[in-house]
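Tertiary structure, described
Read off the chains here:
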Amino acid sequence: QVQLVESGGGLVQAGGSLTLSCAASGRTFGIYAMGWFRQAPGKEREFVAAIRWNNGITYYGPSVKGRFTISRDNAKNTVYLQMNSLKPEDTAVYYCAADHTYRGTLLGTSASEYGYWGQGTQVTVSS
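Definitions and limits used
Note that residues are indexed from 1 along each chain, following the sequence as it is written. Residue-level local features of this predicted model are given only where pLDDT is at least 70; pairs of side-chain atoms are given and counted only at 80 or more, and the full residue set underlies all totals for whole chains, interfaces and linings. Values reported for side chains reflect all heavy atoms of the structure, with hydrogen atoms and water molecules removed beforehand. Salt bridge, as applied in this entry: a Lys or Arg side-chain nitrogen positioned within 4 Å of an Asp or Glu carboxyl oxygen. Only protein chains enter the calculation, and the probe is 1.4 Å; a residue is then buried if its accessible area is under 20% of its type maximum, exposed if over 50%, and partly exposed in between. Defined by distance alone, a disulfide is two cysteine sulfur atoms within 2.5 Å. Strands are runs of DSSP state E lasting at least 2 residues, helices are runs of H or I lasting at least 4, and numbering of each runs from the N terminus. Stacked, edge-to-face and tilted are the three classes for Phe, Tyr and Trp ring pairs, Trp counted by its six-membered ring, which pair at centre distances within 6.5 Å; planes under 30 degrees apart are stacked, over 60 edge-to-face, the rest tilted.

Describing the pattern of salt bridges
For the coordinates displayed, the defined rule picks out five salt bridges. One salt bridge in this structure joins R38 and E46, with 2.9 Å as the shortest N-O distance. Across the pair R103 and D99 runs a salt bridge whose closest N-O atoms are separated by 2.6 Å. For D99, a relative accessible area of 0% translates into the label buried.

Overview of the state of the cysteines
Applying the stated criterion across every chain yields a total of one disulfide. Disulfide pairing places C22 opposite C96 at an S-S distance of 1.9 Å. Because the torsion about its S-S bond is 45 degrees, the bridge between C22 and C96 counts as right-handed. Of this pair, C22 sits in strand β3 (residues 18-26) while C96 sits in strand β9 (residues 92-99), and the two are 74 residues apart along the sequence. Residue class for C22 comes out buried when judged on its relative accessible area of 0%.

Overview of the packing of aromatic side chains
A ring pair, where both rings are aromatic, is described by two values, the distance of the centres and the angle of the planes. Applying the stated criterion across every chain, the model contains seven aromatic pairs. Each ring, one from Y32 and one from Y102, has its centre 5.7 Å from the other, and the planes form 75 degrees; the classification is edge-to-face. Within this pair, whereas Y32 is found in the loop between β3 and β4 (33-39), its partner Y102 is found in the loop between β9 and β10 (116-117), the two being separated by 70 residues in sequence. Here Y95 and W117 contribute two aromatic rings whose centre-to-centre distance is 6.4 Å and whose plane-to-plane angle is 80 degrees, an arrangement assigned as edge-to-face. Of this pair, Y95 sits in strand β9 while W117 sits in strand β10, and the two are 22 residues apart along the sequence. Residue class for Y95 comes out buried when judged on its relative accessible area of 15%.

This is the structure:
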């Protein structure tokens, strides 16, 4: 089992920045990748970014590429999501997730590929 706890959400004006954190505990030795997803009211859960745990390779969803940066601190078992140039359409509950499946050179972009989830943190961007 892996426990994931997100923090860092809040209210920010458009154009501002926020950094989310996700601390992992439990069976962290088997983590292949960590991902961030978001879900706005009435919408499906959307892939935001992912990072391979061992080598830091990253991948981003098209709506955040160039504005968001995912990173990790293996010593702290923590993954971060630096969000810049925030827009009202970034408003959502943000979830971090852990993937224990080896995928070669690929990173999972579907929620079904991640077996462990945090409780989510609300990000609200005002216009």
